[in-house]
Amino acid sequence: MPEDNNNRIEEGSVFLEIDHLRKVYITDESQTVAIEDLTLDIKKGELISIVGPSGCGKTTILRMIAGLLEPTSGTITIGGKECSEPGSDRGMVFQDFALFPWRTVRKNVEFGMEVAGVPKEERRERAEKYIELVGLKDFADSRVHELSGGMKQRVGIARAFVNHPDVILMDEPFGALDAQTRNLMQAQLVRILEKTEQTIIFITHSVEEAVFLSDRVVILTKRPATIKEVIDIPWPRPRDRAGPEFVALRKRILEELEKENVMNG
């Protein structure tokens, strides 16, 4: 069985380091500074949410961590190794699911392992474990096009987790879902975290979602984005969305974002 990369890194130790990150988009006519001097350390087992004004560059940061975009300057390292290209140490979950609709749930979850040459028996065993973990055991042989939006996103989560990456990058994964399904998916993710202790970087426009899920919330400034504040969430999961402390922290973060939006206006 391939080595689980997470086993090489002690729980609670810093293993993903973003150091003085800068990204400039250059065209023939102009240049736009998207990210400016962004530095952040992330520990194994943390769920970090990134929030910020619309268009500030949240997805740009995620794509640089994924190795899909090259920083203009600065570095991103995982376990001391620089992330200069995509790799199996990072998994991604997208808002638009990015699944193969003609494949079954099981075959979608197995896809990355197929590409990596994992033996068939092992692929099936690992896939079934994570399919059950996301609550789709009874739908393993269903075609993806037969599933609801929430169920499709569970397939995407299982597919990312099954490959045992060091970190999972989630780009607005629940943004296209209705409010009720979104809340259910957040609760499902909390249950998965309890069993896997996976490290996740989570992009969201929802402050409530960030406070409900995260160990820390990173607030970005308007473009060019840098870190305005990092807020620790002190309460264990699951959390009471209606509790006074939850509501007060949500309000505080919203106020900080509103200041950035006003400054941008």
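Please refer to the structure placed before this passage.
Residues numbered from 1 in each chain as written. Predicted model: local features only at pLDDT ≥ 70, side-chain atom pairs only at ≥ 80, totals over all residues. Heavy atoms only, no water.

Moving on: a negative patch on the surface. Side chains of Glu17, Asp19, Asp37 and Asp41 sit close together on the surface and give a patch of like negative charge. The topology assignment puts Asp41 in strand β2 (residues 31-43). (Patch = residues over 30% accessible without salt bridge, like charges linked within 9 Å, V, L, I, M, F, W, Y side chains within 5 Å. Areas by Shrake-Rupley, 256 points an atom, 1.4 Å probe, with all protein chains shown as cover. Salt bridge = Lys/Arg side-chain N within 4 Å of Asp/Glu carboxyl O. Lys, Arg positive; Asp, Glu negative; His and termini not counted. Charge placed at Lys NZ, Arg CZ, Asp CG, Glu CD. Helix = DSSP H or I, 4+ residues; strand = E, 2+ residues; numbered from the N terminus.)

Another point: the packing of aromatic side chains. A full pass over the atoms with the stated rule returns three aromatic pairs. A centroid spacing of 5.4 Å and a plane angle of 50 degrees characterise the contact between Phe100 and Trp102, whose relative ring orientation is tilted. The class of Phe100 is partly exposed, set by a relative accessible area of 23%. Aromatic pair Phe174 and Phe202: ring centres 5.9 Å apart, planes at 55 degrees, arrangement tilted. Taken together, the residues Phe174 in the loop between β7 (167-171) and α5 (179-196) and Phe202 in strand β8 (residues 200-203) connect sequence positions 28 residues apart. A relative accessible area of 0% means that Phe174 is categorised as buried. The buried category is assigned to Phe202, whose relative accessible area is 0%. One Lys or Arg, Lys23, reaches over the ring of Tyr25 and ends 5.4 Å from the middle of that ring. Residue placement shows Arg241 over the ring face of Phe212; its charged tip is 3.8 Å from the ring centre. (Phe/Tyr/Trp six-rings, centres within 6.5 Å; stacked < 30°, edge-to-face > 60°. Buried < 20%, exposed > 50% of the residue type's maximum accessible area, 1.4 Å probe, protein only. Lys NZ or Arg CZ within 6 Å of the ring centre and 35° of its normal.)

If you trace the four strands from one edge of the open sheet to the other, you get β2-β1-β4-β5, paired in antiparallel fashion. Each having just a single partner strand, β2 and β5 (81-82) make up the two edges of the open sheet. Where strand β4 (residues 73-78) lies against β5, two bridges are found, and the strand directions are antiparallel. Across the sheet, residue Ile78 finds its bridge partner in β5, namely Lys81. Against the sheet, helix α1 (residues 58-66) makes contact with β1 (14-26), β2 and β4, and its axis sits at roughly 120 degrees relative to β1, the strand it touches most. (Pairing = 2+ DSSP bridges. Contact = heavy atoms within 4.5 Å. Axes fitted to C-alpha atoms, helices over the stretch in contact; angles between N-to-C directions.)

This part takes up the nonpolar core. Residues Ile157, Leu189, Ile200 and Ile253 are the most contacted members of the largest nonpolar core, which totals 49 residues. It is helix α4 (residues 149-161) that provides the largest number of residues to this core, a total of six residues. Non-local contacts of Ile157, meaning those with residues more than four positions away in its chain, are made with Val93, Val134, Met170, Phe174, Met185 and Ile192. Counting 28 residues, the second-largest nonpolar core is a separate cluster that includes Ile18, Ile50, Val167 and Leu169. (Core = buried A, V, L, I, M, F, W, Y, C linked by side-chain atoms within 4.5 Å.)

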